[in-house]
Amino acid sequence: MAKEKKLVEAITSMEEDFAQWYTDVVKKAELIDYSAVKGCMIIKPDGYAIWENIQHELDRRFKETGVENVYMPMFIPESLLEKEKDHVEGFAPEVAWVTYGGLNQLPERLCVRPTSETLFCDFYKNLIQSYRDLPKVYNQWCSVVRWEKETRPFLRSREFLWQEGHTAHATAEEAQARTIQMLNLYADFCEEFLAMPVVRGQKTEKEKFAGAEDTYTIEALMHDGKALQSGTSHNFGDGFAKAFGIQYTDKQNKLQYVHQTSWGMTTRLIGAIIMVHGDNDGLVLPPKVAPTQVMVIPIQMQKDGVLDKANEVRERLGKVCRAKLDDSDKSPLKPYLAMSGISMIVLSLFCLIVMPDRDLCKFTKDYLVLYNRHNRDECSLIYWDEVVSWHYEWYKTYDQLVIEMIDGSTEIQDMYSIGSIKKSMDHHIPGKMKKNRHFRKDQR
């Protein structure tokens, strides 16, 4: 079989160098730029739009389970951080410290939050007095700082965006139930919204979160056969409560310690999406998370009526999806489509039909040409006034294929089924899995 011709030669093939392929895709798709601050990245509009879509959907799912959003300070006094011994030892090598305020040296060092367990515990200590105050189920969306030595865009950086949930419960059973509930919520989100199958499991004693009794994780399989941790949920038991004195009076008027959980997802998810769905021509995004689901591109828009008709198509599609009109003079067309991560292209009146193996142009006055980024070997031709009903059918078909993929009954192009993930990872779980990960350490 002849080797498939790449649409974008500027992207290293993943078979040649997977790490370079990933960097090329992130840069060519204009998701990030490098910063003057070493180890930190600038998330550009398309990259941040992906995070916003993740955030909105996760936040919706959180609130359905009773989660409320709060915001904690970004600074933690050193004395507060040191209250839980295992916790501080786990994060000490990565902490960034503030020692001056203006021109004056601070009486106590402040760390820039690497995570917010200690802040939530200090808050809960005063907030929770009675069993009537429980449970407390809070979450915050923020950035954290960890002074990493090895960094890569989205996968590991010194500052990254995330959500961190922190809950307090009356009993160990309630805390365990919430821990598993959030693990399953993360797994369902990845499979249903990101079309990214995951394996759920429990971390070893050595790899669990600093200060946790148990840590549960979801792992996704990347194109290179390595696992990437994509979300974690921790059961803290009553360890933090005892360290911080978080007690409540139960129904028998006796003092009890609360039981706590913590759970989080980060912008690492964007890296996971790239490494699961991307191909050698660039970025591929599942429709639900794509910032632009449909791009309308008028060809020969200098001709009378072409741009007007393209605007009409965009307006129709804009009522049912995230649609944009590209009336720029970008060229060439194929690399632009491949690198953009847009789910579907609509080429408007006087259209260019993009063929897989040869350049063939055809102009039509009555039809629209559809180019599917997830299967570029196929183009469709429809009447322009059918474009909205087409979108519904295409979206529904894509969702059904994803469901079949997760069930293991079929595999879609470059995506992995749950069955193939388990088969590939069986001999790595639990002890050897760490050798086959992109990053061993818990970013959560």
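This is a predicted model, so every value here is computed, not measured. (Residues numbered from 1 in each chain as written. Predicted model: local features only at pLDDT ≥ 70, side-chain atom pairs only at ≥ 80, totals over all residues. Heavy atoms only, no water.)

### Considerations on unusual backbone geometry
Working note: non-glycine residues mostly have negative phi, and peptide bonds are mostly trans. To be explicit about the condition: Per the convention used, a helix needs a DSSP run of H or I reaching at least four residues, while a strand needs a run of E reaching at least two, with both numbered from the N terminus.
Residue Pro135 is bonded to the preceding Leu134 through a cis peptide linkage, with omega at 0°. One non-glycine residue, Ala195, adopts positive backbone phi at about 50°. Within the element layout of this structure, Ala195 appears in the loop between α6 (172–192) and β9 (199–202).

### Points about the sheet that holds strand β4 (residues 75–77)
To keep things clear, this is the line we draw: For two strands to count as paired, DSSP must find a minimum of two bridges between them. Fitted lines through C-alpha atoms give the axes, limited to the stretch in contact for helices. The angle between two N-to-C directions lies from 0 to 180 degrees.
Ordered in space as β4-β6-β5, the three strands form an open sheet in which the pairing is antiparallel. This sheet does not close on itself; its edge strands, each paired only once, are β4 and β5 (96–101). Across this sheet, the average inter-strand angle for adjacent strands is 45°, counted without regard to direction.

### Looking at the packing of aromatic side chains
The line we're drawing: Aromatic pairing here means that ring centres of Phe, Tyr or Trp (its six-membered ring) are within 6.5 Å. Orientation follows from the plane angle: under 30 degrees is stacked, over 60 is edge-to-face, and everything else is tilted. Only protein chains enter the accessibility calculation, which uses a 1.4 Å probe; a residue whose area is less than 20% of its type maximum is buried, one above 50% is exposed, and one in between is partly exposed. Two conditions define a charge sitting above a ring: the NZ of Lys or the CZ of Arg must be within 6 Å of the ring centre, and it must be within 35 degrees of the ring normal.
Tallying each qualifying case throughout the model produces 13 aromatic pairs. Seen from their ring centres, Trp51 and Trp141 are 6.0 Å apart, and the 70° between their planes marks the pair as edge-to-face. With a gap of 90 residues between them, Trp51 in helix α2 (residues 45–64) and Trp141 in strand β7 (residues 136–145) connect regions that are remote in the sequence. For the pair shown, Trp51 and Trp141 are each scored as buried. Taken together, the ring pairs in this structure connect Trp51, Phe62, Trp141, Tyr186 and Trp263 into an aromatic cluster. When the ring centre of Trp97 is taken as origin, the NZ or CZ atom of Arg109, which lies over that ring, is 3.9 Å away.

### Some points on the confidence of the model for the protein chain
To keep things clear, this is the line we draw: Scored from 0 to 100, pLDDT reflects the predictor's confidence in each residue. We call two residues contacting when some pair of their heavy atoms lies within 4.5 Å.
Mean pLDDT over the protein chain: 80, with 71% of residues reaching 70 or higher. Note that pLDDT drops below 50 for residues 349–367; the model gives that stretch 50 contacts with residues more than four away or on any other chain. With pLDDT under 50 throughout, residues 409–436 is counted as low confidence; its partners more than four residues away or in other chains account for 53 contacts.

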